[in-house]
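Structural overview
Spelled out, the chains give:
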Amino acid sequence: MVTINGEPFGVEKFPNRETVYKAVTLNEKYNIIQFNWENNEDIVHLLMAVEYLKDKVSRGHIELRMPYVPYSAMDREIGDQLDTCKYFSNIVKHLGISSVKIYDPHSEKATDLGVTTVMDLQPIINKVIKDTKPDFIYLPDKGAYDRYTGTVNFHGIKVFHGYKHRDLANKGKLSPEMQVDLCGISSDDLKGSRVLIVDDICRKGGTAYYAALNLHNLGVAEVYLYITHCEDVIEQGNILKDDEIKKVYTTDSEYAIRSVANRHSKVEIIPTPWNRS
């Protein structure tokens, strides 16, 4: 879904399936494109929106709010799969947009978009911690551990992490076997505890689900999940089918997750806050 100043852009189609683009209300000095990923059509809508603004208000500031950067997880070549995160980032960078705002990028490549601001995740994390009252924070891998402990304040809650294994020769297939680094936490302290898993991207949810199984095996009583960018294919995995994970918190960064939340009370969406440049 793409909007300009809050108005949908490119939601109708001609009989031949080309998109109908209609004029929206523009400002002479400052216009905001909101890009919430749904499918590849949104990339075309984004290109059309930028060209439209350059044509009609050529000297105005264009702000792109793109909470999720498409192809973020595809930030390296795996077998015959290309590094499409790099390619998409290059497309955006060459559009000449005045400023870009994103949330919780998966890698540095996803921030190479021109004049880019990574929005503060702290207000969202604060709400999730307040709601779940975790005894511990679990991060699925060492990369997430290094990233989040350096950018997010967990308010003194002890943090530990796992090690996940992907078979890169098999298109990155995830192994259900995960090791856990308790980072100095006693295994006895985990028994009967509440743990919040924090991660950036969830598709079918294998990483979080296998982590929850391992945490329960260690004696954890309740597991909650916060994911910044959650895709609607989470319904195809196990997370929403049983109680291994008690509740899922996510943002509205991906457009299709709204329909999932409407069908499953277990999923709660937290709107991404924005501030103007």
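Note that the structure is a prediction, hence the values are computed from the model and not measured. (Residues numbered from 1 in each chain as written. Predicted model: local features only at pLDDT ≥ 70, side-chain atom pairs only at ≥ 80, totals over all residues. Heavy atoms only, no water.)

1. Topic: the sheet that holds strand β15 (residues 222-230)
- One open sheet holds the seven strands; their spatial order is β13-β10-β9-β14-β15-β16-β17, and the pairing between them is mixed. Each of the sheet's edge strands pairs with one partner strand only, and the pair in question is β13 (179-181) and β17 (267-270). The sheet shows a mean angle of 25° between the axes of neighbouring strands, direction not considered.
- Direction of pairing for strand β9 (residues 136-139) relative to strand β10 (residues 158-163): parallel, over a ladder of four bridges. (Pairing = 2+ DSSP bridges. Helix = DSSP H or I, 4+ residues; strand = E, 2+ residues; numbered from the N terminus. Axes fitted to C-alpha atoms, helices over the stretch in contact; angles between N-to-C directions.)

2. So, helix α2 (residues 84-93)
- Taken together, the buried positions of α2 are occupied by Cys85, Phe88, Ser89 and Val92. The buried side chains of α2 occupy one side of the element, clustering within an arc of 100° when seen end-on.
- For α2, the elements touching its buried residues are α1 (41-56), β6 (61-65) and β7 (99-102). (Buried < 20%, exposed > 50% of the residue type's maximum accessible area, 1.4 Å probe, protein only. Arc of directions from axis to C-beta. Contact = heavy atoms within 4.5 Å.)

3. Focus: the side chain of Asp200
- The residue Asp200 is located in strand β14 (residues 194-202) in this model.
- A distance of 2.6 Å separates polar atoms of two side chains, one belonging to Asp200 and the other to His106.
- Non-local contacts of Asp200, meaning those with residues more than four positions away in its chain, are made with Asp104, Pro105, His106, Arg147, Tyr148, Ile227, Thr228 and His229. (Polar contact = N/O pair within 3.5 Å; in protein donor to acceptor, adjacent residues only side chain to side chain.)

4. A short note on the pattern of salt bridges
- Taken as a whole, this structure holds 16 salt bridges when the rule is applied.
- Salt-bridge contacts for Glu41 lead to Lys13; the nearest nitrogen and oxygen are separated by 3.3 Å. With Glu41 in helix α1 and Lys13 in strand β3 (residues 12-13), this residue pair connects regions lying 28 residues apart in the sequence.
- For Glu41, a relative accessible area of 38% puts it in the partly exposed group. (Salt bridge = Lys/Arg side-chain N within 4 Å of Asp/Glu carboxyl O.)

5. Quick word on the layout of surface pockets
- By volume, the second largest pocket is sized at about 260 Å³.
- In terms of residue count, helix α4 (residues 142-151) provides more of the lining of the second largest pocket than any other element does, three residues in total. (1 Å grid on protein atoms, 1.4 Å probe; cavity = no way out; pocket = protein on both sides within 12 Å on 5 of 7 lines; lining within 4 Å. Points joined across faces, edges and corners; volume = space filled by probe spheres on them.)

6. Considerations on the packing of aromatic side chains
- All chains considered together, the criterion is met by eight aromatic pairs.
- Ring geometry for Phe9 and Tyr52: centres 5.6 Å apart, planes at 10°, overall stacked. Of this pair, Phe9 sits in the loop between β2 (7-8) and β3 while Tyr52 is found in helix α1, placing the two residues 43 residues apart along the sequence. Each member of the pair Phe9 and Tyr52 is classed as buried.
- One aromatic cluster in this structure is built from Phe9, Tyr21 and Tyr52. (Phe/Tyr/Trp six-rings, centres within 6.5 Å; stacked < 30°, edge-to-face > 60°.)

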